[in-house]
Amino acid sequence: MNEVKSNTSFVNSANIGRARTSELKSTASIHRKHTPLFFVIMRINLKVVLVCLCLAVFFITITFWSRCGDLSLPKSFLPKWDSRRFYEGKLKQMQTRFTNGIFITTRLYTGNQQGETIEEIECLINQKYSVSCRREGDEVYLPFSFLHDYFEVFGTISSTVKGTNRFEWSHTNAKVNYPKEAYDPKGIFMYFENYNVEMRDRVKCISASDGVPLSTQWQTQAYYYPTQIAQFGLSHYSKNLTDPEPRKKIIEDAEKDQSEWIVPKGSNLTRQYDGSVYSNVVSYTTPSLYESAVMLPLDHVLDLVMSVDVLLKVNSSSLIVMLQNRETKKTFNLHYIVADLMLSIQGENFYYGIGSNINDWKHLTRDLLVDLQKGIQAQSNSDKKKKHRRTEIKVVGISFLGTGSFDNLTFATSEHIAQFYDAAEWFVRHQDSSGGWPNPVKRKLSEFAELKAGWYSAMGQGHAISLLSRAYHHSNGDQRYLKAAVDGLKPFRVPSKQGGVLAKFLGKLDWYEEYPTSPPSFVLNGFIYSLLGLYDLNATVPTLQSRDAGRLYEQGMISLKKMLLLFDTGSGTIYDLRHFTLGIGPNIARWDYHATHVNQLLLLAKIHQDPLISRTAERWHSYMYGKRSPHN
């Protein structure tokens, strides 16, 4: 508005100036006969000076307007290309015109393939931003770099089968997984066969003492995060059902499969019967020097998941695996030692603690590529973000140092079931007396009061119950898994204000809180995950133990159907209902969470035959392709 006023005043001033100039001309002509020559010359010079001053003021004003009236985008919105380089012809004409309070420079090009004139114009976006565009006839083209930031859309140039290029535009990179068949609570968990939890950036490493992820999700010091551990176990259970049968090679079992170990002078290696495990084992004793370790050279490629039973009898004992990058020939050493240690780095030596108990046999399952990658990421050198492909790494040797025994040393392409049971055992060992698996770190959701360490999550409880139900089924009825799953229902009956996960919407509808905030936050995806856990338990275990799970599930489904459309924006979904409970702006779900909502509803539609669930899932899916609910 200020610019328009300034422009108007400029036009008026120019008209007044022309009028006064005309008056001066008239006056000069009337009095020229009666005016001395000296004064005539003075008047002429004064006119020249006035004209020069006016011209100077005019150009200074134009320059000032062009600077102060600049409506250009912030740097984050500026197009990253020069549109002129796309024009095939030559510059025909360039002109500047004054339009809508700003000066617009246009360039006309000719000679493109269609023979049409291409005009470079400036586009004014919502009276706020300007961006360089191009016009061909009645069409105006904006640079996609602007559209990408303004509308949060994605695009890339790709090659077709015919060898031509095409531009692929999408509203989201998130994917929707349509269930291929009816949901089986004893089978694949959702689409978790696609998860690779251990390689997430916020996983510090896989604990060598427990075989499960250590998280840095909400603090830099690693901790056990129940939700992440359950996802790790469920992903490996699902992969076991979808992946090809793994390839395995037994390196040493002290019986049928034996290898020729290098035993340095002063060290000893024997194969003998161990009554505690009812099997022959390999026992060794070496001095503490690394050069004294009993060692087996290998040239082992691709099969990078190692499993072994070990009994390390003194604190100085260790199992060492030597890896080599096949391209660079750089070597790394993975040390598995008797210590309560997460991960320690010394150059190319990465140390994982298997615990301090030296009296019991321990089964280790280690994905050596994951252990290598996490060690590299923990370093502070330039290789921190270096990613190694599985085909780049090979095992070149394995050593034992100190005093101990081992058996069943095996390399395989995968050990999904062993890793699944590592997670199940963790939940059996770490459940508290209230039936929950507490989160040991504080959690701060924006605008809510901070959750103190020790809070329960309905999503974590539900994931754990889904995992334990499958462990009960797969183990042919191991009662430890059944008891832990049933006890995991306890927090669902306790109000979130009293340390549980149960909230009430408008004092009536039951909701199981992923984050038990005050007031409730009503997070959608975490609630649905908890419902799946309840359904899995109800459908898997005997009726007597599943009754409570069935009741909690039905109450939750009633709430979901009554509240589901509160999360619909007409163009996407809302992550939670904080805008309702706190009276603030809605927390819009980013596309990957929106895709999770769609995936969850598609799965629930296979379980719960209600058209509301399936129709909502399809409508929400359509939002991912740019569709919107109609206007009034």
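Throughout, residues of each chain are indexed from 1 in the direction in which the sequence is written. It should be noted that, the model being predicted, local features are given only for residues of pLDDT at least 70 and side-chain atom pairs only at 80 or more, the latter also being counted only at that level, while totals for whole chains, interfaces and linings use all residues. Heavy atoms from the whole structure form the basis of all side-chain values; hydrogens and water molecules are not counted.

**Quick look at the overall build of the protein**
Rule in force here: In DSSP terms, a helix is any run of H or I states spanning at least four residues, a strand is any run of E spanning at least two, and both are numbered starting from the N terminus. The buried label applies to any residue whose accessible area, calculated with a 1.4 Å probe on protein chains only, is under 20% of its type's maximum; exposed applies above 50%, and partly exposed to all values in between. Methods summary: accessible areas were calculated by the Shrake-Rupley approach with a probe of 1.4 Å, and residue burial reflects only the protein chains presented.
The helix and strand tally for the protein stands at 13 helices and 23 strands. Residues counted as buried form 47% of the 632 residues belonging to the protein. A total accessible area of about 32,900 Å² is found for the protein, and carbon and sulfur atoms account for 53% of it.

**Points about the pairing of strand β4 (residues 129-136)**
Rules: Note on pairing: DSSP must find at least two bridges between two strands before they are called paired.
Note that strand β3 (residues 118-125) and β4 share eight bridges and pair antiparallel. Across the sheet, E122 pairs through a bridge with S132, a residue of β4. Between β3 and β4, which follow one another and run antiparallel, lie three residues, and N126 among them has a positive phi close to 50 degrees. Across three bridges, β4 lies against strand β5 (residues 139-141) in antiparallel orientation. In the strand pairing of β5, R134 is matched with Y141. Between β4 and β5, which follow one another and run antiparallel, lie two residues, and G137 among them has a positive phi close to 65 degrees.

**Notes on the sheet that holds strand β18 (residues 349-353)**
The following threshold applies: Axes, fitted as lines to C-alpha atoms, cover a helix only where it is in contact. Angles between the N-to-C directions of the axes lie from 0 to 180 degrees.
One open sheet accounts for six strands, arranged β13-β20-β15-β16-β18-β17; its pairing is mixed. Two strands bound the open sheet, and with one partner strand each, they are β13 (294-301) and β17 (344-346). If you compare each strand with its neighbour and ignore which way they point, the axes differ by 20 degrees on average. Taken together, the six bridges between β13 and strand β20 (residues 393-401) define a ladder with antiparallel strand orientation. Residue pairing for β20: M295 is matched across the bridge by S399.

**Things to note about the state of the cysteines**
Note the threshold: Cysteine sulfur atoms that come within 2.5 Å of each other are treated as a disulfide pair.
Tallied over the full model, the rule gives one disulfide. A sulfur-sulfur separation of 2.2 Å characterises the disulfide bridge that pairs C123 with C133. You can see C123 sitting in strand β3 and its partner C133 sitting in strand β4, a full 10 residues away along the chain. Taking the relative accessible area as the measure of exposure, C123 reaches 10% and is therefore buried. Accessibility expressed as a relative area gives 0% for C133, which makes it buried.

**Section: helix α7 (residues 458-474)**
Under the convention used in this document: What a helix is expected to span follows from its residue count: subtract one and scale by 1.5 Å.
Compared with an ideal rise of 1.5 Å per residue, which puts 17 residues at 24 Å, α7 spans 24 Å between its outermost C-alpha atoms and is within 8% of the ideal. In terms of burial, α7 is a largely internal element, 15 of the 17 residues being buried. Just downstream of α7 lies N476, where phi reads positive at about 60 degrees.

**Remarks on unusual backbone geometry**
The peptide bond linking S518 to P519 adopts the cis configuration, its omega dihedral lying at 0 degrees. Turning to its location among the elements, P519 is positioned in the loop between β23 (509-512) and α9 (524-540). If you check the backbone angles, N126 has positive phi at about 50 degrees while not being a glycine. Secondary-structure assignment places N126 in the loop between β3 and β4. Residue classification places N126 among the exposed positions, given a relative accessible area of 56%. Residues other than glycine seldom take positive phi values, yet E152 does so here, at roughly 55 degrees. Structurally, the position occupied by E152 is in the loop between α3 (144-151) and β6 (154-159).

**Some thoughts on the packing of helix α6 (residues 416-430) against α7**
Selection criterion: For any helix crossing, the convention is left-handed if the near helix is rotated counterclockwise from the far helix by under a right angle, and right-handed if that rotation is clockwise. By definition, residues are in contact when any of their heavy atoms lie within 4.5 Å.
Two elements in contact, α6 and α7, have axes separated by 10 Å at closest approach and are oriented at 115 degrees. Two packed elements cross with a definite hand, and for α6 against α7 that hand is left-handed. Of the residues in α7, those touching α6 at I417, F420, Y421, A423, A424, F427 and V428 are A464, L467, L468, R470, A471 and H474.

**Details of the pattern of salt bridges**
Here is the rule we go by: Any carboxyl oxygen of Asp or Glu within 4 Å of a side-chain nitrogen of Lys or Arg constitutes a salt bridge here.
Throughout the structure, instances matching the rule amount to 24 salt bridges. The shortest N-O distance in the salt bridge between D548 and R493 comes to 2.8 Å. Residue D548 is located in helix α10 (residues 543-563), and its partner R493 is located in the loop between α8 (479-487) and β22 (502-505); the two are separated by 55 residues in the primary sequence. When its relative accessible area of 37% is taken as the criterion, R493 is described as partly exposed. A salt bridge links D592 to R590; the shortest N-O distance between them is 2.8 Å. Residue class for D592 comes out partly exposed when judged on its relative accessible area of 38%. Through salt bridges that share partners, E327, R389 and E392 make up one connected network.

**Quick look at the side chain of S559**
Mapped onto the elements of the fold, S559 is located in helix α10. Residue classification places S559 among the buried residues on the basis of a relative accessible area of 1%. Setting aside anything within four residues of it in sequence, one finds S559 in contact with L509, D510 and F527.

**Looking at the packing of aromatic side chains**
What counts here: For this analysis, a ring pair means two rings from Phe, Tyr or Trp (six-membered ring only for Trp) whose centres lie within 6.5 Å, classed as stacked if their planes differ by under 30 degrees, edge-to-face if by over 60, and tilted for the remaining angles. Definition used: whenever NZ (Lys) or CZ (Arg) falls within 6 Å of the ring centre and also within 35 degrees of the ring normal, the charge is taken to sit over that ring.
For the coordinates displayed, the defined rule picks out 39 aromatic pairs. Put simply, the rings of F492, F505, W511, Y512, F522, F527, F567 and F580 pair up and form one aromatic cluster. Note that R200 overlies the ring of Y195, its terminal NZ or CZ placed 5.2 Å from the centroid.

**Some details on the nonpolar core**
Generally speaking, nonpolar side chains in soluble globular proteins are found buried as a group. Rules: Grouping buried Ala, Val, Leu, Ile, Met, Phe, Trp, Tyr and Cys residues that are joined through side-chain atoms within 4.5 Å yields what is termed a nonpolar core.
Within the largest apolar cluster, 81 residues are counted, with the highest numbers of intra-cluster contacts made by F427, Y512, Y529, L560 and L604. Looking at which element gives the most residues to this core, the answer is α9, with nine residues. Residue contacts for Y529: discarding those within four places in its chain leaves F189, M190, Y191, F192, Y195, M459, G462, H463, T596 and Q600. Counting 41 residues, the second largest nonpolar core, distinct from the first, contains L296, L304, L369 and V395.

In short, shape yes, function no, at least from these values alone.
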